Amino acid sequence: MTGDPLGTNLASVATSPEPVCELDAVSIVFAGNLNPSILQPQWLARHELVGEAEARDATIEIIRPEVVSLKIGPFLINATHERAAFEVASVSFSQLLTDLVTGVFAILGETPVTGVGINRTMHFKMFTQDAWHRVGHALAPKERWEGILDDAGTRSVTLRGTRPGRIGANTQVTVEPSNRIPMGVFFAFNEHAPVASVSEALSVINAHSSAVWEHALLSAKKLVKLGGG
């Protein structure tokens, strides 16, 4: 996506392998006035939100009154007073993620929350450098930068709008070169909805999480086709 050539090799486009999604994570984020230190392995196990073995084997980076960061089972939990993020590194655990979040906030039902975010991040492997460059060129045409930058390359493109048919939430999409996969394209999809209560937040998650994650995947597949794959 840098040093973008303007020419297109039509033969290579026709024979390029289909881009592959090699990393695919989903997360749910709560914003509000939170108590991060309650989200400890023993508390989660006591309420049967994770297993005793998972709690015992949890990897704790930090637990302090103002911040918690840990990995327990398939879950990554990072929380502060303003934000609590629950993530799984594979979309195959998405149902477990929604079950965990629903269980946590069913118990913490009086927590003041102001917003909920449903997210999916993906890294797609492009199988030719030309295809990788073409994605960046399609999103940010380099001829528009002639006389401004030499050897211009796309580093990040972010757009904000609404998912088709969705009212009351904003969707932000970021596309960048992957920092984890050679010739990879990184996509970050975030749908944020303002809410006034935990019950409203859980309703948003139950009603929209699957649709958000599906829309993100279909959109990313559409965008990588800009590379000709």
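In case you missed it, the structure is sitting above this.
The sections below set out a description of the structure shown in this document. All chains use their own residue numbering, which begins from 1 and follows the written sequence. A pLDDT threshold of at least 70 governs which residues receive local features in this predicted model, and a stricter bar of 80 or more applies before side-chain atom pairs are shown or counted, although totals over entire chains, interfaces and linings include all residues. Side-chain descriptors were evaluated using all non-hydrogen atoms of the structure, hydrogens and water having been removed beforehand.

## Examining the side chain of arginine 166
So the rule is basically this: Only runs of H or I of at least four residues qualify as helices and only runs of E of at least two qualify as strands under DSSP, and these elements are numbered from the N terminus. Classification of residues uses two cut-offs on accessible area relative to the type maximum, computed with a 1.4 Å probe and protein chains only: under 20% is buried, over 50% is exposed, and between them is partly exposed. Contacts are assigned to residue pairs with any non-hydrogen atoms lying within 4.5 Å of each other.
Here arginine 166 is to be found in the loop between β7 (157-161) and β8 (170-177). Residue classification places arginine 166 among the buried positions, given a relative accessible area of 12%. Ignoring any residue separated from it by four or fewer positions in sequence, one finds arginine 166 in contact with Glu191, Ala193, Val204 and His208.

## Examining the environment of leucine 49
For leucine 49, the position within the fold is in the loop between α2 (41-46) and α3 (52-56). Overall, leucine 49 belongs to the buried group, its relative accessible area being 19%. In this structure the C-alpha to C-alpha distance between leucine 49 and glutamate 200, which are 151 residues apart in sequence, comes to 21 Å. Setting aside its immediate chain neighbours within four residues, leucine 49 contacts Trp43, Leu44, Leu100, Gly103, Val104 and Ile107.

## Here's the deal with the nonpolar core
Note the threshold: Only buried residues count toward a nonpolar core. Its members are Ala, Val, Leu, Ile, Met, Phe, Trp, Tyr and Cys residues joined through side-chain atoms within 4.5 Å.
In this structure, Phe30, Phe86 and Val104 are the most contacted members of the largest nonpolar core, which totals 40 residues. Secondary-structure elements contributing two or more residues to this core are β1 (20-32), α2, β3 (67-72), β4 (75-80), β5 (83-88), α4 (94-107), β6 (113-125) and α6 (198-224). By residue number, the principal contributor to this core is α6, which donates seven residues. Residues contacting phenylalanine 86, with those up to four places away along its chain left out, are Val26, Ser27, Ile28, Leu39, Leu76, Ile77, Leu97, Leu100, Val101, Val104 and Phe105. Within the second largest apolar cluster, 15 residues are counted, among which are Met122, Ala131, Val135 and Val185.

By themselves, these observations are geometric and do not establish any function.
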